[in-house]
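Residue strings, one per chain:
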Amino acid sequence: MTGYEYVTPEQLAGFDKYKYSAVDSNPLSLYVMHPFWNTVVKVFPTWLAPNLITFSGFLLVVFNFLLMAYFDPDFYASAPGHKHVPDWVWIVVGILNFTAYTLDGVDGKQARRTNSSTPLGELFDHGLDSWSCVYFVVTVYSIFGRGSTGVSVFVLYLLLWVVLFSFILSHWEKYNTGILFLPWGYDLSQVTISFVYIVTAVVGVEAWYEPFLFNFLYRDLFTAMIIGCAVCVTLPMSFLNFYRSYKNSTLKHNSVYEVMVPFFSPCLLFILSTAWTLWSPSDILEIHPRIFYFMVGTAFANITCQLIVCQMSSTRCPALNWLLVPLFLVVMAVNLGVASYLESILLYTLTAAFTLAHIHYGVRVRKW
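From a predicted model like this one, the values you see are computed outputs, not experimental measurements.

Colleague: Sorry, what's going on with the overall build of the chain here?
Modeller: In terms of regular secondary structure, the chain is built from 14 helices and 4 strands. Relative to a compact globule of 368 residues, whose C-alpha radius of gyration would be 21 Å, the chain shows 21 Å and is just as compact. If you line up the chain on its principal axes, its C-alpha atoms span 60 × 55 × 40 Å. When burial is assessed residue by residue, the chain has 52% of its 368 residues classed as buried. Counting contacts in the chain only where the partners sit at least 6 residues apart, residues at least 24 apart contribute 84% of the total. Split by element, the accessible area of the chain, about 17000 Å² in all, is 70% carbon and sulfur.

Following this line, the structure appears as structure tokens:
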């Protein structure tokens with residue numbers, strides 16, 4: 001694996017011709033966040049590397065994930081009758097989440113400000129964003145958790161996939177149109193959740209037990225907002241952008257196969273991971289939900305990074321990601337009736353392997 005090159009000569013040549021093209025039409029972003037980021041970026045010295053800003057924001061998201069994993073390892077901390085997460089933790093998580101979001105907004109501005117914009121910087125930024133999805137969603141889960149007042153781990157698993165598919169949809173658009181249409185849901189979710197973290201510290205998790213409207217609980221509002229944003233905003237806008245490119249004859253790919261190939265690996269990952277949860281003899285998702293989410297999110301991030309490399313270099317996206325091979329073998333072993341204690345070992349081993357493989361991928365690509 002150490003001698004394997006992840007970037008082909010064709011892709012390297014494509015990077016040399018790459019021109020960044022993005023459209024941000026979100027009113028919140030345009031009229032509130034961008035003016036704020038334009039002010040914040042002036043605080044940074046010009047010698048500060050944009051990639052360092054990007055990586056710092058990512059580390060804050062990871063820190064939030066680990067902090068909440070310590071205080072809420074099994075997602076029961078917000079349930080009635082359990083020891084709740086301390087109020088100061090919610091404040092820290094809220095502040096750090098908004099700080100990470102701010103750093104993600106100013107890194108590109110710092111790059112343009114210092115004339116250091118590169119395709120590698122964009123790849124680094126969006127690649128870390130793809131991995132941040134799982135950290136962000138799983139950390140948010142602790143607000144409601146599971147139990148009688150929360151949502152089940154399987155429902156959260158499905159909501160995680162709604163977020164993951166919403167994320168990759170933007171890069172599927174760019175793969176086909178050459179333009180990155182920034183999703184509206186991202187800015188709204190980051191600002192809202194940062195605020196909700198702080199509110200949770202003030203009113204306590206018990207406040208979320210009460211109905212929001214009639215018998216409609218806050219957990220139901222949480223679920224409805226994620227699904228509604230994806231179905232009513234992200235998906236229609238994505239298809240509209242694709243249709244406009246089709247009508248203007250600016251699509252980069254003509255065949256249906258080439259258009260849809262970026263979805264092959266994510267869909268197979270969804271099928272395999274879902275099959276594992278359904279066939280699991282030990283109910284693996286109930287026992288190790290945090291590790292299972294992380295395994296899925298890491299594999300997804302690797303798939304997305306490969307798509308980003310292809311879209312930026314104008315090369316063909318691979319139909320299958322090799323990380324799906326060991327996952328397929330594990331799912332088959334589970335289906336054949338592997339012992340319960342071995343299933344947990346397989347999950348931890350696979351998660352470690354995926355994490356090391358993804359880091360290795362990032363380091364090797366970063367060298368180019």
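Colleague: When you look at the environment of F144 in this model, what are you seeing that I'm missing?
Modeller: Mapped onto the elements, F144 comes out in the loop between α5 (119–141) and α6 (153–177). Classification of F144 as buried rests on a relative accessible area of 8%. Considered as a pair, F144 and Y218 are 74 residues apart in the sequence and their alpha carbons are 8.5 Å apart. When sequence neighbours within four positions are dropped, the list of residues in contact with F144 reads S78, G150, W208, Y218, R219 and F222.

Colleague: Help me out: how do you make sense of the packing of helix α10 (residues 264–279) against helix α12 (residues 289–313) in this one?
Modeller: Two measures define how a pair of helices packs: the angle their axes make with one another and the distance between the axes. Taken N-terminus to C-terminus, the directions of α10 and α12 make an angle of 165 degrees; their axes are 10 Å apart at the nearest point. For the element pair α10 / α12, the angle class is roughly antiparallel. The interaxial crossing formed by α10 with α12 has right-handed handedness. Residue-level inspection shows S265, P266, L269, S273, W276 and T277 of α10 in contact with α12, the latter providing F292, M295, V296, A299, F300 and I303. Grouping the constituent residues of the contact of α10 with α12 by class yields 9 nonpolar, 3 polar and no charged.

Colleague: Any chance you could explain the packing of aromatic side chains here in plain terms?
Modeller: Think of a pair of aromatic rings as described by two things: how far the centres are apart, and how the planes are tilted against each other in angle. Tallied over the full model, the rule gives 36 aromatic pairs. Ring geometry for Y6 versus Y361: centroids 4.8 Å apart, planes at 65 degrees, classification edge-to-face. In this pair, Y6 sits in the segment before α1 (9–16) while Y361 sits in helix α14 (residues 340–366), placing the two residues 355 residues apart along the sequence. Under the relative-accessibility criterion, Y6 is labelled buried at 14%. For Y361, a relative accessible area of 5% gives the class buried. An angle of 55 degrees between the planes, with centres 6.1 Å apart, marks the rings of F75 and Y293 as tilted. Placement of F75 in the loop between α3 (50–71) and α4 (87–113) and of Y293 in helix α12 is noted, with a sequence separation of 218 residues between them. Across from the ring centre of F65, 5.4 Å away, lies the NZ or CZ of R290, which sits over that ring.

Colleague: Explain the side chain of N176 to me, please; I cannot follow it from the model alone.
Modeller: Looking at the secondary structure, you find N176 in helix α6. From its side chain, N176 meets the backbone oxygen of V259 in a polar contact 3.4 Å long. When sequence neighbours within four positions are dropped, the list of residues in contact with N176 reads F242, T250, L251, K252, H253, E258 and V259.

Colleague: Can you help me understand the pattern of salt bridges in this one?
Modeller: Where charged atoms from two side chains of opposite charge come close, those side chains can pair. The full count for this structure, using the stated rule, is 4 salt bridges. With a shortest N-O distance of 2.7 Å, K174 and E122 are connected by a salt bridge. Here the residue K174 occupies a position in helix α6, and E122 occupies one in helix α5, the gap between them amounting to 52 residues. Residue K174 is classed as buried on the basis of its relative accessible area, which comes to 1%. Look at E122 and you get buried, because its relative accessible area is 10%. Between R146 and E286 there is a salt bridge; the shortest N-O distance is 2.9 Å. Of this pair, R146 sits in the loop between α5 and α6 while E286 sits in helix α11 (residues 284–287), and the two are 140 residues apart along the sequence. On the basis of relative accessibility, which here comes to 35%, the residue E286 falls in the partly exposed class.

Colleague: In this structure, what is going on with the nonpolar core? I would like to understand it.
Modeller: Generally speaking, a soluble globular protein has its nonpolar side chains buried in company with each other. If you look at the biggest cluster of nonpolar residues, it comprises 80 residues, and the most contacted ones within it are Y135, W276, F292, Y293, M295 and L327. Not counting residues within four places of it along the chain, the set of residues in contact with Y293 comprises F75, V134, V138, Y141, V153, L156, Y157, L160 and L285. Residues V7, F15, Y18 and L123 belong to the second largest nonpolar core, which totals 11 residues.

Colleague: For this particular structure, what's the right way to read α12?
Modeller: Along an α-helix, a turn takes 3.6 residues, which lines up residues three or four apart on a common side. Spanning 25 residues, α12 covers 36 Å between terminal C-alpha atoms, matching the ideal 36 Å at 1.5 Å per step. Counting buried positions along α12 gives 24 out of 25 residues, so the element sits mostly inside the fold. Positive backbone phi, at 55 degrees, marks S314, one or two positions downstream of α12.

The rules behind the values
- Residues numbered from 1 in each chain as written.
- Predicted model: local features only at pLDDT ≥ 70, side-chain atom pairs only at ≥ 80, totals over all residues.
- Heavy atoms only, no water.
- Helix = DSSP H or I, 4+ residues; strand = E, 2+ residues; numbered from the N terminus.
- Rg over C-alpha atoms; globule rule 2.2 N^0.38 Å.
- Buried < 20%, exposed > 50% of the residue type's maximum accessible area, 1.4 Å probe, protein only.
- Contact = heavy atoms within 4.5 Å.
- Areas by Shrake-Rupley, 256 points an atom, 1.4 Å probe, with all protein chains shown as cover.
- Axes fitted to C-alpha atoms, helices over the stretch in contact; angles between N-to-C directions.
- Parallel < 35°, antiparallel > 145°, perpendicular 65-115°, else oblique.
- Left-handed = near helix turned anticlockwise from the far one by under 90°.
- Nonpolar A, V, L, I, M, F, W, Y, C, P; charged D, E, K, R; others polar.
- Phe/Tyr/Trp six-rings, centres within 6.5 Å; stacked < 30°, edge-to-face > 60°.
- Lys NZ or Arg CZ within 6 Å of the ring centre and 35° of its normal.
- Polar contact = N/O pair within 3.5 Å; in protein donor to acceptor, adjacent residues only side chain to side chain.
- Salt bridge = Lys/Arg side-chain N within 4 Å of Asp/Glu carboxyl O.
- Core = buried A, V, L, I, M, F, W, Y, C linked by side-chain atoms within 4.5 Å.
- Expected span 1.5 Å × (residues − 1).

Distances and angles like these do not, on their own, reveal function.
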